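Observations on the model geometry
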Amino acid sequence: MGAGMQDIAMEPREIVRRCIEFDDPPRIGLHFHVSPIITPSGPRVWPVTDFAGASYGEDPAFQAGPDGRNEWGVKMQSPDPTGENMGESLDPPLGEGWHLLEGYRFPDFRAPGRYAGVAEAADAGHAQGKYVYGHVPSLMLLPINLRGMGNWLLDHALYQSELAYLLEKILEARLAAIEQYAAAGVDGVISYDDMGTDERGFMRPEVFRRLYFEPYRRTIEALHEHGMHFLHHCCGQVSEYMDMFVEAGLDVLQLDQPELMGSEWLGQHYGGKLCFWNCVDIQKTLPTNDPALIQDEAHRQVWHLGRYGGGFMVKAYQQPNAVGITAEASQAQFEGFMRVARYPLVPYPEPKEG
């Protein structure tokens, strides 16, 4: 049987912990429980996962209006008929100016009702041997949705104090959620923050440090005090932020476009310092539908990032229909990672000279 099957006695939860903490797991961590890809014969899923979710909901006291805004006052609009692409914020609640903060009501993340069911979900995941994680509000995506992308970018030059205030309020929500997750026995949390374009980060490193470093560090500090991990999704070419991720204590970096920085470069500079939780690159490689290229990248990532007594896990892209990833490409990815999932790892062949 392949890695991840019943011949491995160690619980998936323990395997994930060992991957994250570089504690000699028997195989890489696996998360192929993606949303269905529609094929001529119907939906196709790959239900192989070491993970389970247990996240908070909206405050029960919140009453949605007829326009469909969430408890932050954000309404998303997407042109994607699959419903997988979240789109952009329509008429952002703080978009007309920071003066609107005076009357803005932040959601109450200490309301206990929003965490109803978290402990039960965590217990159910653990009963299956899974690593259980929740999510926390994002420090970039949420401000973008509250202000609008254009306003948010300008805020870094014109309204840093106002943006810092907003980030502090979001941090308060994150810390409140972490307390509840810890009480429920959740193993870690993830945040979703795309931080750059394909060429560079959204702001200069010194601005990132001034505004975002402390909220990230304090989030991670709170998690580590409870023995939990911080998993961070990030798209974009963010090589200039990587040292700050390590300095802040980040445990897991989840990349859907790892080839923007390159697995060789990431392994050379951050292998053994961060655990990576990647798929095959969703822009460069998966859309080729070439099984050889897809499986080559899978092997290259596992070898360059996971050869540190751990340090690599797979997280198959969870909106495949939205970006046109075919069932054939996803199957090639699945097979490619599963072939090289066990330790000791199969070395990736070095390029021949000449």
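What you see is a predicted model, and the numbers here were worked out from it, not measured in a lab.

Between helix 5 (residues 160–184) and helix 6 (residues 205–225), the least distance of the axes is 10 Å, while the angle of their chain directions is 10°. The orientation of helix 5 with respect to helix 6, classified from their angle, is roughly parallel. Between helix 5, through Gln160, Leu163, Ala164, Leu167, Glu168, Leu171, Arg174, Leu175 and Ile178, and helix 6, the contact on the second element is made entirely by Val207, Arg210, Leu211, Tyr212, Pro215, Tyr216, Arg218, Thr219, Ala222 and Leu223. Of the residues belonging to the contact of helix 5 with helix 6, the class tally is 13 nonpolar, 2 polar and 4 charged.

Residues of helix 4 (residues 149–158) that are buried: Trp152, Asp155 and His156. The arc that holds every buried residue of helix 4, seen down its axis, measures 100°, which confines them to one face. Exposed side chains of helix 4 directed beyond 90 degrees from the buried face belong to Ala157 and Leu158.

Turning our attention to the pattern of salt bridges. According to the stated counting rule, one finds 20 salt bridges in the structure shown. Two residues, glutamate 221 and arginine 217, come together in a salt bridge whose shortest N-O distance is 3.5 Å. With glutamate 221 and arginine 217 both in helix 6 and 4 residues apart, the pair spans about one turn of that helix. A residue is classified by how much of its surface remains accessible, and glutamate 221, at 39% relative accessible area, is partly exposed. Look at arginine 217 and you get partly exposed, because its relative accessible area is 26%. As a salt-bridge pair, arginine 339 and glutamate 335 come within 3.7 Å of each other at their nearest N and O atoms. You can see arginine 339 and its partner glutamate 335 sitting in helix 10 (residues 327–339), 4 residues apart, about one turn around the helix.

Thresholds applied
- In every chain, residue numbers begin from 1 and rise along the written sequence.
- In keeping with the model being predicted, local features are shown solely for residues with a pLDDT of at least 70 and side-chain atom pairs are shown and tallied solely at 80 or more, while totals for entire chains, interfaces and linings include all residues.
- Excluding hydrogens and water, the side-chain figures rest on all heavy atoms present in the structure.
- Only the stretch in contact is used when a helix axis is fitted, and all axes are lines through C-alpha atoms; the angle between N-to-C directions ranges over 0 to 180 degrees.
- Counting from the N terminus, the helices are the DSSP runs of H or I reaching at least four residues and the strands are the DSSP runs of E reaching at least two.
- Angle categories: roughly parallel below 35 degrees, roughly antiparallel above 145, roughly perpendicular from 65 to 115, and oblique for all the rest.
- The contact definition used throughout considers only heavy atoms, calling two residues in contact when any of these lie within 4.5 Å.
- When residue character is reported, Ala, Val, Leu, Ile, Met, Phe, Trp, Tyr, Cys and Pro are called nonpolar, Asp, Glu, Lys and Arg charged, and the others, Gly included, polar.
- Remark: exposure states derive from per-residue accessible area (1.4 Å probe, protein chains only) relative to the maximum for the residue type, with buried under 20%, exposed over 50%, and partly exposed in between.
- To obtain the arc, one takes the directions from the helix axis to the C-beta atoms.
- Should a side-chain nitrogen of Lys or Arg be within 4 Å of a carboxyl oxygen of Asp or Glu, the pair is scored as a salt bridge.

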